[in-house]
Amino acid sequence: MFRVAMMAATTFRYVGCVDVEATCCKDRDPAFQSEIIEFPCVVLDTSTRKVCAEFRSFVRPVLNTQLTEFCTELTGIRQAEVDAAPLLQDVLEQLHQWLVDQHLVDVRASPFRAEPRETGTREVCFR
C-alpha cells in the first residue's frame, strides 16, 4: 500500500512515482558503474490518493551484462529477465507511449532520451 503525503492545495492532478532497480555489487567497488535494470512507474491521482495506472519493464544492461549474485539476491531480478529485456532507450520510449495512452502527456512531447556520455555509458536526460 502506498502512503502519500499530500499538500493541502496542489496544482497537479496526477503524480508519477518511479523507483528503479540497478545493477550492483557487494563490495561497493567505485569503478563499478550501476545501470538501471528495472523501471517501474505508478501514477497517483492526487484527488483520490490512489494508484490509477502502473508501468513496469525490465531493462537490459549494456556495461555489466551479467548480474552479480548479490544483485539478484537484493533485487529478486533474474538474469533471464534482463537478458530478454529491451534497452533503456526503448523502455523510455515505451514509457512515453504509455503516458500518452494514459492521456498524461502530449503525443508530440518526448520527455526522455538516453544519451551517450564520454565514458561510453548512457544517461537519462529529462527535457
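All values derive from a computational prediction rather than experimental measurement. (Residues numbered from 1 in each chain as written. Predicted model: local features only at pLDDT ≥ 70, side-chain atom pairs only at ≥ 80, totals over all residues. Heavy atoms only, no water.)

### Remarks on the pattern of salt bridges
Oppositely charged side chains can pair when the atoms bearing their charge come close. Going through the model one piece at a time under the given rule, you end up with three salt bridges. The partner of Arg 13 in a salt bridge is Asp 45, and the shortest N-O contact between them spans 2.8 Å. Of the two residues, Arg 13 is situated in the segment before strand 1 (14-18) and Asp 45 in strand 3 (residues 36-45); the sequence distance between them amounts to 32 residues. Note on Arg 13: relative accessible area 46%, which makes it partly exposed. (Salt bridge = Lys/Arg side-chain N within 4 Å of Asp/Glu carboxyl O. Helix = DSSP H or I, 4+ residues; strand = E, 2+ residues; numbered from the N terminus. Buried < 20%, exposed > 50% of the residue type's maximum accessible area, 1.4 Å probe, protein only.)

### Some remarks on the environment of Phe 39
Within the secondary structure, Phe 39 sits in strand 3. For Phe 39, a relative accessible area of 6% puts it in the buried group. On a C-alpha basis, the gap between Phe 39 and Arg 56 in space is 5.7 Å, while along the polypeptide they are 17 residues apart. In this structure, Phe 39 is in contact with Val 18, Val 20, Phe 55, Arg 56, Ser 57, Val 59, Leu 88, Val 91, Leu 92 and Leu 95, ignoring residues within four places of it in sequence. (Contact = heavy atoms within 4.5 Å.)

### Details of the environment of Thr 65
Following the sequence through the fold, Thr 65 ends up in the loop between strand 4 (50-58) and helix 1 (69-75). Since its relative accessible area comes to 39%, Thr 65 is described here as partly exposed. Separated by 18 residues in the primary sequence, Thr 65 and Asp 83 place their C-alpha atoms 8.0 Å from one another.

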